[in-house]
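Here's the letter readout for the chains.
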Amino acid sequence: MNAIAKRHRFTNRYTVLISFTILAGISQMLWLNFAPLITMLETTYHVTESDINWLLIVFPLIYVLLSIHAGIVIDRKGYRFGIGIGGLLMAIFACVRILDYSFMWLLIGQIGIAIGQPYVINGISKLVVDWFGQKQQAMATGVGTVGMFAGMALALAGTPMLVDKAGLQMTMVIFAVITIVSAVFFALVAYPNPLNKLNKLMTSESAGISWRDYIPLLRNRQLLLISIIALLALGFFNGLTSWLEPILKPNGMDAKEAGLIGGMLIIGGIVGSSIIPGISDKLGTMKPFLWISCLISIGLVYLICTMDQYTLLLILGAVLGFIFLPGYALLLSHTERLAGEQHAGEATGLIMLTGNLGGVLVILAMQLVKGDRDSWINSVYLMLGLLVLCVILALNIKEGRSTPLKMNHKRNTHTQ
């Protein structure tokens, strides 16, 4: 009891949320830090654009493979265990990338970091449910996603500048040190809420979960609808951020300019995610925000991908981020309400699985429809089509009180 009291003295909802926010941001930074370096990496390692694509696509691909398992681990062992394991893997393999003597070392490092990422990201819903009341959960989720967006902005805008000044290897050293410090900080401050009596109950009742227990998640029509929207929306976002440099290159943008435009997109998303989920909480609705964000994004994406005015592109990128990216936090918050507190980790894992499956498919499809042409306009049309589908599907979201999912725990009740 004394140990619990001491932990609680130095741990509160905000230190826990901040420690997660930083670590989640680092995971996104390590994912996208090669996106603005595609041209440079082609020259340095004498590899093709398709080869470099693996540095980016390995993250959503591994998420597809491990997302549900990450949800199971978090529900059984708790979010501190799951996020801690993910942070440890990220720290180890961020160090592997320092060995930049060949392209293969970078790829091995990315694979290891990608394995750790779902155990970090999928912990957000469980952490928020443990420490925050229902009226604060969308806001807290929005703060958590701010860290992810900040990491993306640092990767897109900051990596080219660091590489120019310090070189690729020293940049990898800097990123590795940041990752280690972030993982240690989380381990020191992120403890479960000792005042939440539901915490132990949630963990113990999750111990009997099997893969068949996910069938109720898939049978819930609203959760299935949210999963499809996540597939399309996150697929679009992953495709845009992964291929932004080559998309803008024919319009006269170099790597630094493309990186800064991508950075402004993420900064706009940070501001939007800090504001819009809170407004959604107060109004008690998320559907209009999600629908409007997808609709307005259609015009913004076309302008960004076809214009050649750098200053205007910076502004449009920020506006797109402000409008579109808060939808991620809103989807996660709505998912938790649909699934209920006990299965928040599982439902988040399902949403992230479908979202990252969309990322794999869209990234590959964009390169496929582009073909051997210099122009990426066909890929732009593909992204616009995905957003149109999101608009149509968002109209079918039903809000209001929903009955939390009930999973089959016959084996648990039999042994108790």
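None of these values were measured; they are calculated from a predicted model. (Residues numbered from 1 in each chain as written. Predicted model: local features only at pLDDT ≥ 70, side-chain atom pairs only at ≥ 80, totals over all residues. Heavy atoms only, no water.)

J.: So what's going on with the packing of aromatic side chains? Which residues, and what values?
T.: For the coordinates displayed, the defined rule picks out four aromatic pairs. A ring pair is formed by Trp31 and Phe59, whose centres lie 6.4 Å apart and whose planes are at 35 degrees; its orientation type is tilted. Linking Trp31 in helix 2 (residues 13-32) with Phe59 in helix 4 (residues 49-77), this pair joins segments that are 28 residues apart in sequence. For the pair formed by Trp31 and Phe59, the shared burial category is buried. Taking NZ or CZ as reference, Arg80 lies 4.2 Å from the ring centre of Tyr191, over its face. (Phe/Tyr/Trp six-rings, centres within 6.5 Å; stacked < 30°, edge-to-face > 60°. Helix = DSSP H or I, 4+ residues; strand = E, 2+ residues; numbered from the N terminus. Buried < 20%, exposed > 50% of the residue type's maximum accessible area, 1.4 Å probe, protein only. Lys NZ or Arg CZ within 6 Å of the ring centre and 35° of its normal.)

J.: Which residues make up the environment of Leu260, and what values go with them?
T.: Locating Leu260 in the fold gives a position in helix 13 (residues 255-283). For the pair formed by Leu260 and Pro36, sequence separation is 224 residues and the distance between their alpha carbons is 9.4 Å. Sequence-distant contacts of Leu260, that is, excluding residues within four places in its chain, are made with Leu156, Ala157, Met161, Tyr310 and Leu314. (Contact = heavy atoms within 4.5 Å.)

J.: Explain helix 5 (residues 79-96) to me, and be specific about the residues and the numbers.
T.: Over its 18 residues, helix 5 extends 26 Å from the first C-alpha to the last, a length consistent with the 26 Å expected when each residue adds 1.5 Å. Every buried residue belonging to helix 5 is among Tyr79, Gly82, Ile83, Gly86, Gly87, Met90, Ala91, Ala94 and Val96, and all of these are buried. Buried residues in helix 5 make contact with helix 2, helix 4, helix 6 (103-121), helix 7 (124-131) and helix 9 (168-189). (Expected span 1.5 Å × (residues − 1).)

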